[in-house]
Amino acid sequence: MKSHQVSSDALDWAIQHIGRHGDTDIFPVPFEFDVLAKQWNSLKSQLASTHIGQAKMRPHLVFEVPKMTFGFRIAHQLDPIDALIYAALVYEMGEAIEAARLPADVVCSYRFRPSTHGDFYPQDSGWQVYADRSRQYADTHTHILYIDIADFYNQVNHHRVTGSLETCGISSPRARNVEKFLSRFTAKQSRGLPVGPSGSHLLAESCLTDIDSFLKQAGVPFVRYTDDFRVFADSKTELTSLLQRLTRFLSDNHGLALQTGKTEIENTNNFIRARLSDPGHTFNEQLDGRLMELAEFLSELSEEMGYGTVSLEEISDQDVAQEASELLVDSFKQILEKKPARLGPLKSLVRKARAWRSVNLLPLVLDELDVLLPIMGDVCRYIHAVCPDNHNTVADRLITAIGSSDYVSCDYIAMWVLELFAQRPDLNDFQRSLSFAQEYESTLGLRPQALLARAHKEPYWVRSHKSDVANLRPWDRRAVIYAASALPQSERNAWLSMVRKLVSDPIDAAVAKSI
């Protein structure tokens, strides 16, 4: 591992990772990654020669993303080249970071287990282990202390990142270059990790290892998932004393504070009753129960007709999908009945519905858009996956829901809806989509409009913006170049020939070459 560069092998892994999982779990995946992947051999050597501690940070996007409870969090989408370098450099350090962590039944989140296909972490998120261990400790102790670090990702000190990496066995020059990379991202401020990229999770875990060690030395049973700790004891006094010492430790050693509203001590009976619920796990258990009932019913019919019993394995995929769809709808309705509806379980069910390609949930989703606006990314991905062609009400209902809500000024939500319209141009005509995009031009720029023009093959919009392409912001410029596919071939070739001579940025050149 070189101290100032990432290897070609790590970059190969990074392009696979982003191709499989995207650059973040928060934003739409930029089209630029497809372009870069198709021209990878010519671009990889340039990225491999980049000095991670000296290269200029490329422009990134920052959005205020709605939280599922209330308020917003800041999230970041790195420039595609920076995203690839960031994924590659964390991947190279992953084994050393993982080796320094406590066992997976104590620290349950983001265990580094890379695959050749580009996975950072195993498919099992570790949440069920977190829940199971919490239950075991709650059964044998009377009190639980919830610990939540306030705004952890944005408050991580870069010097602490360097120290944590060195503690894990990363060389000092490499650790300092990582710190320089991060400081350029935060405009030379000395704190903050990009919120969104998978690599940030592992860097955060490296910093949390010191806090894990503090609790281990305190001799108390605990489990952790990201920055949420659960500590158990048989005395509220013992946990209060621990909390006091931990507060001073975090302040003196990390410059961190605890989130007052989420840090509390509670009786474990209340914890078991109110908090030990994983929506995904509950859904799977309920689905298994329904399938068992279906197998028993089919077995009764089969035996009456002189045949043998029916096992779970013999139930058709169609029957399984039908049971899953019905359970999704029933579960969704049950959650909505309790006011205010909990967005966490609803988000889990929307993701399940997308995985099952269950169109049955679509009417409910469209009816409850005002509730679901904070999770619009998952809603739009679900609609994209299951909505029938040329559905003539989806666009109206999405635009109306945003316009009549308290989130009307939230460009993050609008961005996801515009991404859906660009990916599924059959859902809305160009002019109406364009008008909606223009309402958010001051914050989203021209990029959504350009992607809409490309999707609808609208040459007139491209012609009206191509002359000014050199003066556009990088994200907008690349999208306008990409939209050139809407132009007639002779006009397109002539303009792109000029663009290739004009641009110096490698992504601009790659996009122009790809059309």
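Look a little higher up for the structure.
Conventions we followed
Residues numbered from 1 in each chain as written. Predicted model: local features only at pLDDT ≥ 70, side-chain atom pairs only at ≥ 80, totals over all residues. Heavy atoms only, no water. Helix = DSSP H or I, 4+ residues; strand = E, 2+ residues; numbered from the N terminus. Rg over C-alpha atoms; globule rule 2.2 N^0.38 Å. Buried < 20%, exposed > 50% of the residue type's maximum accessible area, 1.4 Å probe, protein only. Contact = heavy atoms within 4.5 Å. Areas by Shrake-Rupley, 256 points an atom, 1.4 Å probe, with all protein chains shown as cover. Lys, Arg positive; Asp, Glu negative; His and termini not counted. Salt bridge = Lys/Arg side-chain N within 4 Å of Asp/Glu carboxyl O. Pairing = 2+ DSSP bridges. 1 Å grid on protein atoms, 1.4 Å probe; cavity = no way out; pocket = protein on both sides within 12 Å on 5 of 7 lines; lining within 4 Å. Points joined across faces, edges and corners; volume = space filled by probe spheres on them. Nonpolar A, V, L, I, M, F, W, Y, C, P; charged D, E, K, R; others polar. Axes fitted to C-alpha atoms, helices over the stretch in contact; angles between N-to-C directions. Phe/Tyr/Trp six-rings, centres within 6.5 Å; stacked < 30°, edge-to-face > 60°. Lys NZ or Arg CZ within 6 Å of the ring centre and 35° of its normal. Disulfide = S-S within 2.5 Å.

J.: Got a sec to walk through the overall build of the protein chain? Specific residues and values, please.
T.: Looking only at helices and strands, the protein chain features 26 helices and six strands. At 25 Å, the protein chain has a C-alpha radius of gyration in line with the 24 Å of a compact globule built from 515 residues. Across the 515 residues in the protein chain, those meeting the buried criterion constitute 53%. Partitioning the intrachain contacts of the protein chain with sequence separation of at least 6 by distance along the chain shows that 73% fall at a separation of at least 24. Here the protein chain displays about 23,900 Å² of accessible surface, and carbon together with sulfur accounts for 48% of that area.

J.: Break down the side chain of aspartate 148 for me, with residues and values.
T.: Mapped onto the secondary structure, aspartate 148 falls in strand S3 (residues 143-148). No salt bridge is formed by the buried aspartate 148. Its closest oppositely charged neighbour is lysine 262, at 4.6 Å.

J.: Describe the environment of proline 80, listing the residues and the values that go with them.
T.: Along the chain, the position of proline 80 falls in helix H4 (residues 80-99). Sequence spacing of proline 80 and isoleucine 507 is 427 residues, and the spatial spacing of their C-alpha atoms is 8.4 Å. Setting aside residues up to four positions removed in sequence, proline 80 forms contacts with Glu32, Phe33, Leu36, Trp475, Arg478 and Ile507.

J.: Tell me what's going on with the pairing of strand S2 (residues 72-77), and back it up with residues and numbers.
T.: Remember that side chains alternate between the two faces of the sheet whenever the strand is regular. Where strand S1 (residues 61-66) and S2 come together, six bridges link them in antiparallel fashion. Bridged to leucine 61 within S2 is glutamine 77. Connecting S1 to the next strand, S2, in antiparallel fashion are five residues, including glycine 71 with a positive phi near 95 degrees.

J.: An account of the layout of surface pockets is requested, with residue identities and associated values reported.
T.: Taken as a whole, the second largest pocket holds about 240 Å³ of empty space. If you trace the second largest pocket, you find 16 residues lining it, with Lys56, Arg58, Ile81, Asp82 and Asp505 closest to the centre. Put simply, the parts of the chain that give the lining of the second largest pocket at least two residues each are helix H3 (40-48), H4 and helix H24 (474-482). The class makeup of the residues in the lining of the second largest pocket is eight nonpolar, two polar and six charged.

J.: Mind laying out the sheet that holds strand S4 (residues 222-225), listing which residues take part and the relevant values?
T.: Pairing within the open sheet is antiparallel, and its four strands lie in the order S4-S5-S3-S6. Looking along the sheet, the strands with just one partner apiece sit at the ends: S4 and strand S6 (264-267). Adjacent strand axes in the sheet meet at a mean angle of 20 degrees, parallel and antiparallel pairs treated alike. Sheet analysis places S3 next to S6, joined by four bridges and oriented antiparallel.

J.: Hey, could you go over the pairing of S3 for me, with residue numbers and the actual values?
T.: In terms of burial, S3 is largely enclosed, as six of its six residues are buried. Burial along S3 is two-sided: the face carrying His143, Leu145 and Ile147 and the face carrying Ile144, Tyr146 and Asp148 are both buried. Two elements, S3 and strand S5 (residues 228-233), share six bridges in a ladder whose sense is antiparallel. Bridging across to S5, aspartate 148 finds its partner in aspartate 228.

J.: How would you explain the pattern of salt bridges if you had to name every residue and give the values?
T.: Across all of its chains, the model carries 28 salt bridges by this definition. Aspartate 79 is the salt-bridge partner of arginine 58, the closest N and O atoms lying 2.5 Å from each other. On the criterion of sequence distance, the pair formed by arginine 58 in the loop between H3 and S1 and aspartate 79 in the loop between S2 and H4 is long-range, its members being 21 residues apart. Like arginine 58, the residue aspartate 79 is buried in the burial classification.

J.: Residue-level account of the packing of aromatic side chains, with values.
T.: On inspection of all chains with the given rule, the structure shows 21 aromatic pairs. Taken together, a centroid distance of 4.7 Å and an interplanar angle of 80 degrees make the contact between tryptophan 13 and phenylalanine 120 edge-to-face. One end of the pair, tryptophan 13, is in helix H1 (residues 8-21); the other, phenylalanine 120, is in the loop between H4 and helix H5 (127-140), and 107 residues separate them in sequence. In terms of burial, tryptophan 13 and phenylalanine 120 fall into one category: buried. An aromatic cluster is present here, built from Trp13, Tyr91, Tyr110, Phe112, Phe120 and Tyr121 joined pairwise through their rings. If you follow arginine 454 out to its NZ or CZ, it ends over the ring of tyrosine 482, 3.8 Å from the centre. The positively charged end of arginine 478 is found above the aromatic ring belonging to tryptophan 475, 4.9 Å away from the centroid.

J.: Explain the state of the cysteines to me, using residue names and the numbers behind them.
T.: For the structure shown, the criterion picks out zero disulfides. Considering cysteine sulfurs only, cysteine 168 is the nearest to cysteine 108, which forms no disulfide, with 18 Å between them.

J.: Could you give me a rundown of the environment of arginine 135, with the residues and numbers involved?
T.: Along the chain, arginine 135 falls in helix H5. For arginine 135 and phenylalanine 271, which are 136 residues apart along the polypeptide, the C-alpha to C-alpha distance reads 9.0 Å. Other than its neighbours up to four places away in sequence, arginine 135 contacts Ile272 and Leu276.

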